[in-house]
There are 2 protein chains.
Amino acid sequence: MSSRGAESQLEDDMEKTTRRRFLRTAGAGGIGVAAAGVAAPAIAQANPEVKWRCTASWPKSLDTLYGAPEYLAKRLAEITEGKFQIQVFAAGEIVPGLQVLDAVQNGTVECGHTAPYYFYGKDPTFTFGSDLPFGMNTRMKNAYFFHGGGLELFNEFLKDYKCYGVPTGATTCQMGGWFRKEIKTVEDLKGLKFRLGGFAGLIMQKLGVIPQQIAAGDIYPALEKGTIDAAEWVGPYDDEKLGFVKVARYYYYPGWWEPGSNPWMLVNLDKWNSIPKHYQAAFHAAAQEAGMWMTAKYDAQNPHAIKRLAGAGAQLKPFPAEVMDASWKAANELYGEINAKNAWFKKVYDHFTAFRADQYLWLQVADYTMDSYMIRYRNAKT
Amino acid sequence: MSSRGAESQLEDDMEKTTRRRFLRTAGAGGIGVAAAGVAAPAIAQANPEVKWRCTASWPKSLDTLYGAPEYLAKRLAEITEGKFQIQVFAAGEIVPGLQVLDAVQNGTVECGHTAPYYFYGKDPTFTFGSDLPFGMNTRMKNAYFFHGGGLELFNEFLKDYKCYGVPTGATTCQMGGWFRKEIKTVEDLKGLKFRLGGFAGLIMQKLGVIPQQIAAGDIYPALEKGTIDAAEWVGPYDDEKLGFVKVARYYYYPGWWEPGSNPWMLVNLDKWNSIPKHYQAAFHAAAQEAGMWMTAKYDAQNPHAIKRLAGAGAQLKPFPAEVMDASWKAANELYGEINAKNAWFKKVYDHFTAFRADQYLWLQVADYTMDSYMIRYRNAKT
């Protein structure tokens, strides 16, 4: 299909829908200045050498998710004239991608970049770091973490795991994944072997899905051989690198389990407390700049990737209304069950969902109305 | 009206809508370290004292817009252990709010925090710093500036004004303003004396509106006396502080002239080039962290403010479709006229609008579909 043809096809699909609607720690050791004979202010200004290792949950090829801790590390080195260095390692170089929390908690590394929901087996409360299925979108999550008490609350939870953490941007709303067969009814989900990340597998089980936990690099061969029937990763730009379009053409949306999923930088709490306050300040600023950079990269690259994927044969499909509604119902049932037995989950759930209600009330006024107008105009090509 | 009653009224309004569519500069002076007898690395690490003044276009009471340069200044001071200080001044303390560009350009101050579109009279190209009417939303603007070449292009333009600049977050989609009378048709706009910011006045003129340029503090009395018929500022949280609800009850949306308007930190180019690279790095990181903080503050506070405003009697109204369509048409006519005679405008316009087309294509797939579902669920109160 020509590029133009692919775009037209995509637009047709969309129109229909719109109608339907960084080993060792030097720690704080080695102040790199000849202290004797220097006036007091010079010592106060000195930057101690700190070298940290960061183990990521991602392969280097994902220059979005892996790019975020790299961006943070580069900026931090620039600000401190190379004195505070974080070296980032890909998944598997130090520990496997799904063991980042353990590695940070036990001090194997000083920090790690990961999706907190990978650790929902330790406690489902971890999902709130990434996102609650049917949670909040990208902007709402920043509002929740930085002005809604979310960051403080989640860090209170993280203390039991000897971690301090900050979210670093979001993947934006994810896609629902690649399916070898069309999903027309809830019935079509029964017995489906579906690779998906995190906590959402517990919801999918209620719908008859058999959730599969498979690391990024192993998904493609499993889908190709038919060992699994479907797989989700993130969205067009990342998914394209993993090659799914070649083996499963139906590309569903939206990924309701991750409306605005946040990767986090987790730092061993003792290591965090060992660095000077001005290094903590630099870390915070660089982390949020890196987050903005990553989110914006997704937004800049996804449009091009979705067009290329459509050109390569991807068939874009919204999840049927009955699948969305059954998923919503199953999600809320699960939340009720966990709230009844997990005090941490309930505490964060109540806090998170109260914030969510107000967010969607306001969203529909200005931003959603404006976005709707612009989408309509664009589809009408006037 | 009780708070609950106000929320119900607001929800009723929204449901209808959803149904209808779905120093003075120390410069680089005074390196604060006794250089003689100190090993070379100590000098490289030393932080020189830099004190800048920042004049803002905002009164202190607007803790969102004014809060952003304050947040930036605080973080920069923390990172540099108090060596790089920026003191922020409110509009009128050094120069009036609409003279920030001149003050930065001629070196009266080292930097200023403002909305570039205030200076569209010098060159309409300034509007692209803030936003193009019917431009792009908050996330799209970050994507455009940081991954679409927008930042480099706008800074090329700014060189003629001896400035270097960075956007620091966005106001999010603004509201359309406060009107003393209902706007039911395009005809109702004829002769309307409407206070509105920036470049959009040129578009409104084509619709018969008589645009008024009035500084923030003077808008309320003008509206109260009936000297003007309508006024827009930003959105619920900021507008509430200015008290408009007491004198004009119809609150229209969306503010199509500012779908994701960015305030900028503008720095005198010579001053920017005089500071060490690691200060520039710290500045960049702190600026983007401040931007995230400001955008998130709008998102966190606007829901509460809109409920309070509804409780105080605000009547929320979407602009009628014919007003939106006439505005869109008038905007594009104006862009055609300016493109024919202003090479800078045309260059940025073509670059900006090409990026925009892809953004709205992609938006409607995952994020918009998910937001739509969540809004629908909320309204159904299931």
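Let us look at the structure shown here. (Residues numbered from 1 in each chain as written. Chains lettered and ligands numbered in written order. Predicted model: local features only at pLDDT ≥ 70, side-chain atom pairs only at ≥ 80, totals over all residues. Heavy atoms only, no water.)

All right, on to the relation of the copies chain A and chain B then. Between chain A and chain B, which share one sequence, the superposing operator has a rotation angle of 180 degrees and an axial displacement of 0.0 Å; the RMSD is 0.0 Å. The relationship between the two copies is best expressed as a two-fold rotation axis. Of the residues that chain A buries at the interface, 99% are likewise interface residues in chain B, meaning the two copies contact each other through the same surface. (Least-squares fit on C-alpha atoms with pLDDT ≥ 70 in both. Contact = heavy atoms within 4.5 Å.)

A word on the packing of helix H6 (residues 138–147) of chain B against helix H14 (residues 343–363) of chain B. Residues and elements named next belong to chain B. The N-to-C vectors of H6 and H14 enclose an angle of 130 degrees; their axes lie 10 Å apart at closest approach. By the angle between their axes, H6 is oblique relative to H14. Considering how the two elements wind past one another, H6 and H14 form a crossing that is right-handed. Judged by residue contacts, Met140, Lys141, Ala143 and Tyr144 of H6 engage Val348, His351, Phe352, Phe355, Gln359, Tyr360 and Leu363 from H14. Considered class by class, the residues forming the contact of H6 with H14 number eight nonpolar, two polar and one charged. (Axes fitted to C-alpha atoms, helices over the stretch in contact; angles between N-to-C directions. Helix = DSSP H or I, 4+ residues; strand = E, 2+ residues; numbered from the N terminus. Parallel < 35°, antiparallel > 145°, perpendicular 65-115°, else oblique. Left-handed = near helix turned anticlockwise from the far one by under 90°. Nonpolar A, V, L, I, M, F, W, Y, C, P; charged D, E, K, R; others polar.)

On to the pattern of salt bridges, then. By the definition in use, this model includes 42 salt bridges over all chains. One salt bridge in this structure joins Asp63 of chain A and Lys241 of chain A, with 3.8 Å as the shortest N-O distance. On the criterion of sequence distance, the pair formed by Asp63 of chain A in the loop between strand E1 (50–56) and helix H3 (67–79) and Lys241 of chain A in helix H10 (residues 236–242) is long-range, its members being 178 residues apart. In this structure Asp63 of chain A comes out as partly exposed when scored by relative accessible area, which is 25%. We classify Lys241 of chain A as partly exposed; its relative accessible area is 38%. Note that Asp102 of chain B and Lys122 of chain B form a salt bridge whose closest N and O atoms lie 2.7 Å from each other. A residue pair is termed long-range when its members are at least 10 positions apart, and Asp102 of chain B in helix H4 (residues 100–105) and Lys122 of chain B in the loop between strand E3 (111–114) and helix H5 (127–130) qualify at 20 residues. We classify Lys122 of chain B as partly exposed; its relative accessible area is 41%. (Salt bridge = Lys/Arg side-chain N within 4 Å of Asp/Glu carboxyl O. Buried < 20%, exposed > 50% of the residue type's maximum accessible area, 1.4 Å probe, protein only.)

Right, let's get into the sheet that holds strand E1 (residues 50–56) of chain B. Residue and element names in this part refer to chain B. Across the sheet, which stays open at both edges, the five strands sit in the order E2-E1-E3-E10-E4 with mixed pairing between neighbours. At either margin of the open sheet sits one strand with a lone partner, and together these are strand E2 (84–89) and strand E4 (163–167). Averaged over all pairs of adjacent strands, the angle between strand axes in this sheet comes to 25 degrees, irrespective of strand direction. Each of E4 and strand E10 (264–268) touches helix H7 (residues 150–158); the most contacted strand, E4, lies at about 150 degrees to it. Of the strands in this sheet, E1, E2, E4 and E10 are in contact with helix H12 (residues 277–311), which crosses E4 at around 35 degrees. (Pairing = 2+ DSSP bridges.)

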